[in-house]
Amino acid sequence: MSEGEGHSAGQCAMRGSCGTKGWFGQQLPCPYNGPPVEPEDRDLLVSVCGAQFVEGPTCCTSGQVETLRDSLAQAELIISSCPACRNNFRSFFCSFTCSPHQGSFLNITDTQKSGSGETAVKTVDFFVGEQFASGFFDSCKSVQVGATNGYAMDLIGGGAKTYSEFLKFLGDEKDLGSPFQINYPTTTPLDFTPLDSTPRNCADNDLESRCTCIDCPTVCSALPYEPPQINGPTCHFGMISCLSFVLILAYSLCAVAFVLGYILQATIRKRREKRYERMALSADTASALSPRLHTRGLVGAVSLPQGDASDSLGAQSTESRRLGRGASLLDPIEASQPRQYRLNTILRRVFYRLGLSAASSPFLTFSLVFTVIGLLNVGWQRFDIETDPVRLWVAPDSESKLQKEYFDEHFGPFYRPQQIFVTAPSDLPITMDPAGFTDIRASSQDPVLSYDHLKYWMDVESDIRALRSSPNGYRLTDVCFKPAGPQGACVVQSVGAWFGNDLGDYDEDSWKGRLVQCANSPVDCLPDFQQPLGPQYVLGGLPEDMPERSSYLDAKALVVTYVVSNSLDEAELAKIVEWEQTLRAYLLDLSERIPSEAGMNIAFSTGVSLEEEISRSTNTDVRIVVLSYLAMFLYISLTLGNGSAAREEEGILASLSLWARNFPKLFQRSSITSSSISVDSRTTPHLLPRLPRRLFVGSKFTLGLLGIGLVILSVSSSVGFFSLVGVKTTLIIAEVIPFLVLAVGVDNVFILVHELDRQNLLHGPNASAVAPGGGYPAPHSPTPRHRSPFESSHEESVDTASVPLYLSAEERVARTLAKMGPSILLSSVTETVAFGLGALVPMPAVRNFALYASGSVLLNALLQVTVFVSALAIDLKRVEASRVDCFPCIRWPSRIALLDAPMNASGLGRVARFIRRHYAPFLLQPVVKGAVILSFAGFFVLSVISMQHIQLGLDQRLALPSDSYLNDYFNHLDVYLDVGPPVYFVSHDLDATKRPGQQELCGRFTTCDDFSVANVLEAERKRPELSFISQPTASWIDDFLKWLDPAMETCCRVRKRNPSMFCTPRDSERLCQPCLYGKEPAWNITMIGLPEGEEFMRYLRQWLVSPTDETCPLAGKASFGTALSLDETGVVASHFRTSHSPLRSQEDFINSMAAARHIAAKISEFTGSEVFPYSLHYVFFDQYAHIIAITQEILGLGLAAVLVVTALLLGSWRTGTIVTGVVALTVVTVMGVMAVWGISLNAISLVNLVISIGIAVEFCAHVARAFMSAGSGLPADHPAGQKERDERMWTALVDVGPSVLSGITFTKLIGMSVLALTRSKLLEIYYFRMWLTLIISGALHGLVLLPVVLSLAGGPGFTQQEADEEWMSNAIRNDYEYA
C-alpha cells in the first residue's frame, strides 16, 4: 500500500488475520484500508485493553484481541509488578492493534503471501511521538525481575538503554516476538499524526500507575547520607595526614634544636679553653703523669692502652688495680657502695649448681634429658597438618565461620564452580603485580572469537559433557546443578549456549550476526537451563567504552563456567570430587595440546584445584629452604670455635705458604752441622705441611652441630607435645619455627662458648696473670672440691690475686653458666611469654604458631643449659687432652707453649678488638650519641608515616607453587571476569507468616516498610561505590505474593471443585482457576487480602515446588528452591540474593565484606530482625575485619611481657622500659618497611611481627644485662654517673656484642641471602624481605640505639660477684684480646 493512501481520520491500516508465515507461527494481520468496525466481543476487548474501548468502533477482530491477550499475558508475567509499565505496555499495543485512528500513525510499506496464500502485512511503519515513547520506556526501564537478578528490560526490550532501542527490539521480526517487521521512523510525514498520548508515570499517585521503590527509583525514600569509607587517616594537612604533619614538624624542631645546641656547646667550650689556656699549660706536667685526664669524652679510657701497650696501666695505683673495673671513676672510692640485686645472686647460684651438676655428670644429664625428650616425641603419632583454609585462618567462633555454617545448614553449601578462560595465543603471558593488581599486558591480547575457534571449543564442551570419572563413571549430569530439578538441564554458562551448543546451523559469516544478536538480546538466545545469559558471563576483555554493539566480536576471552552442586553429605561430595579430578586431568592435558591443535590457550580452575595446589606448595622451593638452613648450619659449626683464646699461631694459609717455601730444602744438602747452633723449627722443611693445631683440636664443629641438633630436637619435641594434646600444625609452623628457634637460640650457644673461652683464658692450664708485683705466678693446681664463688656475702673484700688461677674444667663450665645463665633466662622467658601471649589470638594459624614457638624456645633454652653445658665440659676436656674434633680417638701431639707468648683470638677476636678500640669509644661520644638518637628518631617518624599505608590482604597466588596452573587462572580472573561474586542477605528470627513480618521483607507492595530488606538493598544498589552491590535483589516474598495474583492465570491454580487441591501443569484450564479467584477482599498491591498464617505456608510450599518456566516465570522451584528454610510452623530463615560489583583487588574484597556487614546491621536496626550477609569469600577475608585490632592486641601484650620480665630480671624498671621501647621501635621500623616493600598485613606478616619481638629481645636482652651487671651502682644524679654508665656500656658491648653480632646477625643474614634465590613469591615477600628487614633493624637498634640510650638513661647497675671482678680486672688490665 503506498504511503499516504487512506489516512483520513477514522481509517484503519490493517484488520483481521491472514494466516501464518509458515506451517507454524503467529497470525499475520491483513492490510485493510477501510473504516473501523464495531467489535464482535466488546467485553473481551475491554478486559484486555481497558476503559478507552468501552464504546466506538475498532480496527481489530476478536481473534486479534485473543492473540493480543495471550501475548500481553506473557509480558505481564514480567512487568505486572509496576502498574505504570503494565498499562503503558497494554495501551501501546492495544492502540497499535485496535485503535480506530490506526491509519493516522501506521503505514504498511510491504506485504507478503502467507502460508494460506493470502496477502498479509510484511513491514509497517509505526509513528510514535517522543513524549509517549520516552515515557513508555522510562516507566519500564527500572522494573526488576528478581528471579534472574536482572531487569525486565533485559527480557522485553533486549537490554535497551534508550527508548529507540526499546522500540526497535519490540518491532524486530522474531519467532518469540512480532511475526512481521515493525519500524519506528524518527520523523513523521506531514500526512501522518504520531501516537503521542500522555504515558503513565511510575511515580503517579493513582493505583493504575504507582509503582514501588524497587521498580521506580523516583519514589524511593532516600537512605541517610554516609560519607565514603576511608581506610586510612581521616584528618589531612594538604597531601599528608595530620599525624604525619605533627611528627615531621616535631622532628624538624628537635633536629634544629640539636644542631643549634651542639654549635652553642662547641662555641662555649672553645671560649672556655682559651680563657684557661695558661692554666692548661701549667698542668702539662700533671697531664704527662696521667694521660687519661684529658681524654675528654673518650669512653673506655680506663682500659684503652695509651701509647705502648706495655705501660698502658702505668699511671694507675696498685689499689685501683685490685678494685676491678670502674674503680678509677670513683673519687673518693668510698663515695658509693656497690649495689647488689638479690634475685641476680640467687639466679647465679642456681645456674652455677646446675652447670656444675651437668658438667660433672654429663652422661647422666644426657640420659635424663633425652628420656624426657623421647617421651615428648611420642606425640608424633598424633601429628596432623591442617590444610583447610577455613579452619586455618578463621577462628572457630568467628562471625563469618558461624554464619557460613548457618548458611550451609539451612540452604545447603555454595556451588562448586569449574571455570575456564579461553584466549588467543600471545608472546607475552598475562602477569599481575600482586601489590597493585594491575594488568601489564591485557590490552595487547588478540581477540579470541573466530569460526574455527568456536567450532573447536564446542567439540571440547561436547567432550566434557561426555566425560566419565574413574572408577565410578560419573558424568556431568550426575553432579551438575540443575535449577529445574533432577530432570532439568545443567547450568553451563558458555558462549556455545547461544548457538544451542552446535555450530552446524551457522557458517563462517552467519555466526557473527548470531553472536552479536545474542549478546545484545540474551532473552532471544536462552540456553537449555532457560535463564538469560548476558555477555558479561561468557565473554571477557570487552572494550571498555563499547563504541558499537558489534564490539562483542572483539572479546579477548571466552569465559566458560560449569556449576556443580555441593553437598554436606560425604558420599555425595566424594562423587563430586571424583568427577572434578577427572575434569582437572582432562583440562591439564588439553592445556598442553590446545595451542598446537587450535591456536588457543586455556586457564582453568576446578573445585578441587585450590586445596590440592596449596597442599602441593609444601614442596615448593624445598631445596632453597634446605640450602638456607645448611648455609646457617655450616656457618655456625665453622665459626663457633674461632673465638677460642690461644697462643699466637699461624693460620691455615700461612702454614701452607711456609711449608711451600721450605719444601725445596728437603732436597738440599744442609751446611749447618754444629748442634750448638739454634735452629728455627719453622724454617725446617717437612714432607707434609704442619697445619695449625686449632684447626683440628680447637675446632668446635661437633659442638656447633650439637647446638643445631638441639634446635631441631626442641622443635621436634614441641611438635610432639602439642600434637599429643591435639594442636594441629600448619605450613607456616613447618617453615618458620626452625628459622625462629635457630635465630633466637643460636646466640646463646655463641655466648656460652665465648664465655667459656674467657674462663679458659683466666683459669685454664695456660692461664697467666700479672701479680701486683709484676711477676707471672705458676698455675695453681685444681682445687680438691668445688665451691661456688657466689656463696660468700657481698660485704667481703675481693683480692684478685687471692683467687686460684687454675680451675678444673667442670668449675670453669659452671662459672660460665653462672654468668650467662641469667642472661639466657632473661631472653628465653621474655620470648616464651611474648610468644605464649599470641595464643590469645583466636585465629588458629596464629594461635598454633604461638604455642609451637613458645614451646620450642623454652625447650631449646632448657636443652642449652643442660645438654649443651654437659657437651661443653666434654669438649673442653677433649681440647685440653689434645684430641681431634670429630675424631676424639686421635690425639694431636702437643707443642711447646711459650709462657710469654702473647695470647690471640682470631676471627671473632678481631671483631671484639674493633668494638673495644674503635666502635664502642666512637659510639659513646656525646656528639655521636646525639646523632644516633636524631637518626633513629628520623627512622621512627618515617616508619610511622609509612605504616599508615600498609595494605591488608594476601594475594592467593602467593600461596601457590610458582609453576601452578592456578596462577594463570587467577591472572585471567582479574583481567577478564566482569561479574562480581553473589552475596546473600540472610534473614532469620522473623515471622514471615504474619503481615508485619511480610512488610519488613517485601518491596513491591505499597504497604511494605520503607526500610524493608528489599527496599534497603535496592537503595544500596543505587550507590555501588559504597555498597559494592551491582545487581537487583532476588526477593522471594515479592515473587511469591505476585505468583498469587489471580491475574496471573497460568501461575497459582487450584481445582474449581476442590480449592484445597492444587492443579498440576498438565491439568486442563477448564478444571482449574486462580488460587485467590473470587476471594474477598481481592488481591491488590496494598497487601490487603493476602494470605497469612497456615494459609500462607500452604501456598508457600506449593510455590517452592512449582516449575519455573515460560508459562509462569514467577514460580519458585528454579529461582528460589534453596532460598528458604522451613519447619512445620513457618519460615526459619530466608535469603535475598544479589551480586557484588566486580572485585579486582584484595582491598575490594575486604571492603565489599565490610560494606555488606554494615548494610546487614542497618537492616537489622530498621526491621528489628536478624540479618547477616554471606558470600563465599567472606570466610577467607574475615581475618581482615579484626586483624588490625588483633595486631595491636598481640604486639601490645608481647611488649608488656617484655617490660615485666626484663624489668624483673634486670632489677631496674628504667632499664626494662628502655629495652621495651627499643624492641617496640624495632617492630615499628619493620612495619614501616612493610609499606615500602609491598608487604601486606595478614596472618603471615602478623606472625612475623610477633617473631620480630622475639628477635629484637635477643638483640637487646644480652646487651642490657651485661650493662646492668657491669656497674658500681652509682645513682643517676651522681657527678660521675654519666661517666660510669659510659664505662658500663663500653664493657657490655665488648662483653657480649661480638657474640650477639656473630650469633644471630651474621647467621640469619647468611640464611636470608640464600633465601633470596627462591622462585616463590610467598617466600620472597614474607620471609626474605621481611626477615632481612627484621635482622638489619634488630641489629641496628640492639647494637647502636640501645647502647646509646642506656648510656644516657640506663638504670643503676649492680656488681657481679667475685669471679667476674677477678676476670675483668685481669683481662682488661693485661689488655688481653677476648671475645
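The structure we're discussing is the one just above.
So, a few notes on the structure that sits alongside this text. None of the values given here were measured: they were computed from a predicted structure.

Rules and cut-offs
Residues numbered from 1 in each chain as written. Predicted model: local features only at pLDDT ≥ 70, side-chain atom pairs only at ≥ 80, totals over all residues. Heavy atoms only, no water. Helix = DSSP H or I, 4+ residues; strand = E, 2+ residues; numbered from the N terminus. Buried < 20%, exposed > 50% of the residue type's maximum accessible area, 1.4 Å probe, protein only. Contact = heavy atoms within 4.5 Å. Areas by Shrake-Rupley, 256 points an atom, 1.4 Å probe, with all protein chains shown as cover. Pairing = 2+ DSSP bridges. Axes fitted to C-alpha atoms, helices over the stretch in contact; angles between N-to-C directions. Disulfide = S-S within 2.5 Å. Patch = residues over 30% accessible without salt bridge, like charges linked within 9 Å, V, L, I, M, F, W, Y side chains within 5 Å. Salt bridge = Lys/Arg side-chain N within 4 Å of Asp/Glu carboxyl O. Lys, Arg positive; Asp, Glu negative; His and termini not counted. Charge placed at Lys NZ, Arg CZ, Asp CG, Glu CD. Parallel < 35°, antiparallel > 145°, perpendicular 65-115°, else oblique. Nonpolar A, V, L, I, M, F, W, Y, C, P; charged D, E, K, R; others polar.

### Some points on the overall build of the protein
Along its length, the protein carries 44 helices and 24 strands. The burial tally for the protein puts 55% of its 1379 residues in the buried class. Contacts in the protein between residues far apart in sequence, at least 24 positions, make up 76% of those at least 6 positions apart. For the protein, the exposed area adds up to about 59,500 Å²; of that, 58% sits on carbon and sulfur atoms.

### Things to note about the sheet that holds strand S24 (residues 1170-1174)
Each strand in a sheet pairs with another by means of backbone hydrogen bonds, the pair being arranged parallel or else antiparallel. The sheet built from four strands is open, its strands ordered S22-S23-S19-S24 with antiparallel pairing. Every other strand in the sheet has two partners, leaving strand S22 (1124-1126) and S24 as the edge strands with one partner each. Within the sheet, the average angular offset between the axes of one strand and its neighbour, ignoring direction, is 15 degrees. Here five bridges tie strand S19 (residues 982-988) to S24, and the two strands are oriented antiparallel to one another. Bridge pairing in S24 places Tyr984 opposite Tyr1174. Packing of helix H37 (residues 1146-1167) onto the sheet brings it into contact with S19 and S24, and relative to S24 it is tilted by some 165 degrees.

### Observations regarding the sheet that holds strand S7 (residues 181-183)
With mixed pairing, the three strands of this open sheet are ordered in space as S3-S4-S7. Two strands close off the open sheet at either side, each with one partner strand: strand S3 (106-113) and S7. Going across the sheet, the axis of each strand differs from the next one's by a mean of 25 degrees, ignoring polarity. Where strand S4 (residues 119-126) and S7 come together, three bridges link them in parallel fashion. Following the sheet pairing, Thr123 is matched in S7 by Gln181.

### Thoughts on the state of the cysteines
According to the stated counting rule, one finds 14 disulfides in the structure shown. Cys12 shares a disulfide with Cys59; S-S distance 1.8 Å. Judged by the sign of its S-S torsion, about -85 degrees, the cystine formed by Cys12 and Cys59 is left-handed. Linking Cys12 in the segment before strand S1 (14-20) with Cys59 in the loop between helix H1 (42-49) and helix H2 (62-79), this pair joins segments that are 47 residues apart in sequence. Cys59 shares its class with Cys12; the two are buried. In this model Cys518 forms its disulfide with Cys525; the gap between the sulfur atoms is 1.9 Å. Between Cys518 and Cys525 the disulfide shows an S-S torsion of about -85 degrees. By sign, it is left-handed. For Cys525, a relative accessible area of 2% corresponds to the buried category.

### Topic: a negative patch on the surface
Taken together, the side chains of Glu40, Asp41, Asp43 and Glu66 make up a negatively charged region of the molecular surface. On the secondary structure map, Asp43 appears in helix H1. Judged by its relative accessible area of 65%, Asp43 falls in the exposed class.

### Quick notes on helix H34 (residues 1036-1043)
For H34, the tally of buried residues reaches eight of eight residues, placing the bulk of the element in the interior. All of the buried residues along H34 are Trp1036, Ile1037, Asp1038, Asp1039, Phe1040, Leu1041, Lys1042 and Trp1043. Residues of H34 that are buried in the fold lie against helix H31 (995-1001), helix H32 (1013-1021), helix H35 (1093-1105), helix H36 (1117-1120), S22 and strand S23 (1131-1139).

### Notes on the environment of Gly720
Summarising the element assignment, Gly720 is placed in helix H24 (residues 701-724). It is 4.5 Å that separates the C-alpha atoms of Gly720 and Asn377, two residues lying 343 residues apart in sequence. Excluding residues that lie within four positions of it along the chain, Gly720 makes contacts with Leu376, Asn377, Gly379 and Trp380.

### Let's talk about the pattern of salt bridges
Under the defined criterion, the tally for this structure stands at 40 salt bridges. A salt bridge links Glu880 to Arg812, with the nearest nitrogen and oxygen atoms 2.5 Å apart. Placement of the pair is Glu880 in helix H27 (residues 844-880) and Arg812 in helix H26 (residues 809-837), with a sequence separation of 68 residues. Accessibility expressed as a relative area gives 32% for Glu880, which makes it partly exposed. A relative accessible area of 0% places Arg812 in the buried class. For the salt bridge of Arg1021 with Glu1018, the shortest nitrogen-to-oxygen distance reads 2.6 Å. Here Arg1021 pairs with Glu1018, and both are found in helix H32, just three residues apart, close to one helical turn.

### Some thoughts on the packing of H26 against H27
Across the interface, H26 lies against H27 with an axial gap of 9 Å and an inter-helix angle of 170 degrees. The orientation of H26 relative to H27 falls into the category roughly antiparallel. The residue makeup of the contact of H26 with H27, split by class, is 15 nonpolar, five polar and five charged.

### Focus on unusual backbone geometry
Note that the residue after Ser470, namely Pro471, is joined by a cis bond; omega there is 10 degrees. Along the chain, Pro471 turns up in the loop between helix H15 (451-466) and helix H16 (476-479). The residue after Glu1080, namely Pro1081, is reached through a cis peptide bond having omega -10 degrees. Note that Pro1081 resides in the loop between strand S21 (1072-1074) and H35. Positive phi, close to 75 degrees, is recorded for Met1087, a residue that is not glycine. When you line up the elements, Met1087 lands in the loop between S21 and H35.

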